[in-house]
Amino acid sequence: NNGIYPYPSQRSTPIPAFKIDHNLSSKAKLSYFWQQTHTASQYSPTLGASDGLPLPITAAIGTFITAHAQRLNFDYTLTPTLLYHIGIGYQDDYFTDDPPVLDYNQEASLGLKGATVNRMFPNMTGLSNAQGGMKNMGPGSNRHPLLYEKPTANMSLTWVRNNHTYKVGGEMRLD
């Protein structure tokens, strides 16, 4: 338990985005928003089981997330005190936690035959005991891929009367 294993650990999350607004007329306005988030961390010391062991026996799994958000809005001024709004949107999350080696041939390298597939080093546990021993080898899990999608829509009517603002409408979200 006194070992210090130097291993690479970096995380990158660029988030490009843009928004465009266009006045169709003095009463109608259209706007569009787009964003992408991409996170990549092959060796994560927190939840990624990074252990400093070499490839292909490391138990490390990475965190890779790509998410998109898009939104289209339309606003129309019916009267100087009455505004109509409609919006639609779409959001997704694509998640994988791949290990660094995804093409390991267990039969050719270790002689394991049977229900093997060329993908990851096999997970080997029970290699240590109370007095010491070896760490577990090979990634313990791999969720490849998970995709979450969320379409949304909303519509509202806003009315300003004297010192009061009234708003009615509805919103739909599908998770």
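The paragraphs below set out a description of the structure included in this document.

Rules behind the numbers
- Residues numbered from 1 in each chain as written.
- Predicted model: local features only at pLDDT ≥ 70, side-chain atom pairs only at ≥ 80, totals over all residues.
- Heavy atoms only, no water.
- Helix = DSSP H or I, 4+ residues; strand = E, 2+ residues; numbered from the N terminus.
- Buried < 20%, exposed > 50% of the residue type's maximum accessible area, 1.4 Å probe, protein only.
- Contact = heavy atoms within 4.5 Å.
- Areas by Shrake-Rupley, 256 points an atom, 1.4 Å probe, with all protein chains shown as cover.
- Phe/Tyr/Trp six-rings, centres within 6.5 Å; stacked < 30°, edge-to-face > 60°.
- Salt bridge = Lys/Arg side-chain N within 4 Å of Asp/Glu carboxyl O.
- Pairing = 2+ DSSP bridges.
- Polar contact = N/O pair within 3.5 Å; in protein donor to acceptor, adjacent residues only side chain to side chain.

**Topic: the overall build of the protein**
Here is step 1 of the chain: In terms of helices and strands, the protein carries one helix and eight strands.
Here is step 2 of the chain: Its helices and strands taken in sequence order, the protein reads β-β-β-β-α-β-β-β-β from the N to the C terminus.
Here is step 3 of the chain: Out of the 175 residues belonging to the protein, those deemed buried represent 25%.
Here is step 4 of the chain: Sequence-distant contacts in the protein: of pairs separated by 6 or more residues, those separated by 24 or more amount to 54%.
Here is step 5 of the chain: Total accessible area on the protein stands at roughly 11900 Å², and carbon and sulfur atoms take up 56% of it.

**A closer look at the packing of aromatic side chains**
Here is step 1 of the chain: Under the definition given, this model contains five aromatic pairs.
Here is step 2 of the chain: Taking 6.1 Å as the distance between ring centres and 50° as the angle between the ring planes, the aromatic pair formed by phenylalanine 18 and tyrosine 32 counts as tilted. Taken as a pair, phenylalanine 18 in strand S1 (residues 17–23) and tyrosine 32 in strand S2 (residues 28–41) lie far apart in primary sequence, 14 residues in all.
Here is step 3 of the chain: Tyrosine 32 gets classed as partly exposed once you look at its relative accessible area, which sits at 25%.
Here is step 4 of the chain: By way of ring pairs, the aromatic residues Phe18, Tyr32 and Trp34 are connected into one cluster.

**Quick word on the pattern of salt bridges**
Here is step 1 of the chain: Applying the stated criterion across every chain yields a total of four salt bridges.
Here is step 2 of the chain: The salt bridge partner of lysine 150 is aspartate 175, with a shortest N-O separation of 3.7 Å. In this pair, lysine 150 is assigned in strand S7 (residues 146–161) and aspartate 175 in the segment after strand S8 (164–173), connecting sequence segments 25 residues apart.
Here is step 3 of the chain: For lysine 150, a relative accessible area of 31% puts it in the partly exposed group.

**Considerations on the side chain of glutamine 106**
Here is step 1 of the chain: Secondary-structure assignment places glutamine 106 in helix H1 (residues 106–110).
Here is step 2 of the chain: Not counting residues up to four positions away in its chain, the partners in contact with glutamine 106 are Gly111, Leu112, Thr116, Val117, Asn118, Met120 and Pro122.

**Some thoughts on the pairing of S2**
Here is step 1 of the chain: With seven bridges connecting them, S1 and S2 associate as antiparallel partners. In the sheet register, alanine 17 faces S2, and the bridge partner there is glutamine 35.
Here is step 2 of the chain: As consecutive antiparallel partners, S1 and S2 are separated by four residues.
Here is step 3 of the chain: Direction of pairing for S2 relative to strand S3 (residues 63–79): antiparallel, over a ladder of 14 bridges. Pairing of leucine 30 across the sheet is with phenylalanine 74, part of S3.

**Considerations on the environment of glutamine 36**
Here is step 1 of the chain: Relative to the elements of secondary structure, glutamine 36 occurs in strand S2.
Here is step 2 of the chain: Each C-alpha atom, one on glutamine 36 and one on glutamine 70, is 9.0 Å from the other, the two residues being 34 residues apart in sequence.
Here is step 3 of the chain: Glutamine 36 has contacts with Pro14, Ile15, Pro16, Thr66, Ala67 and His68, leaving out every residue within four places of it along the chain.
Here is step 4 of the chain: Here the side chain of glutamine 36 touches histidine 68 through a polar contact of 3.1 Å, side chain to side chain.

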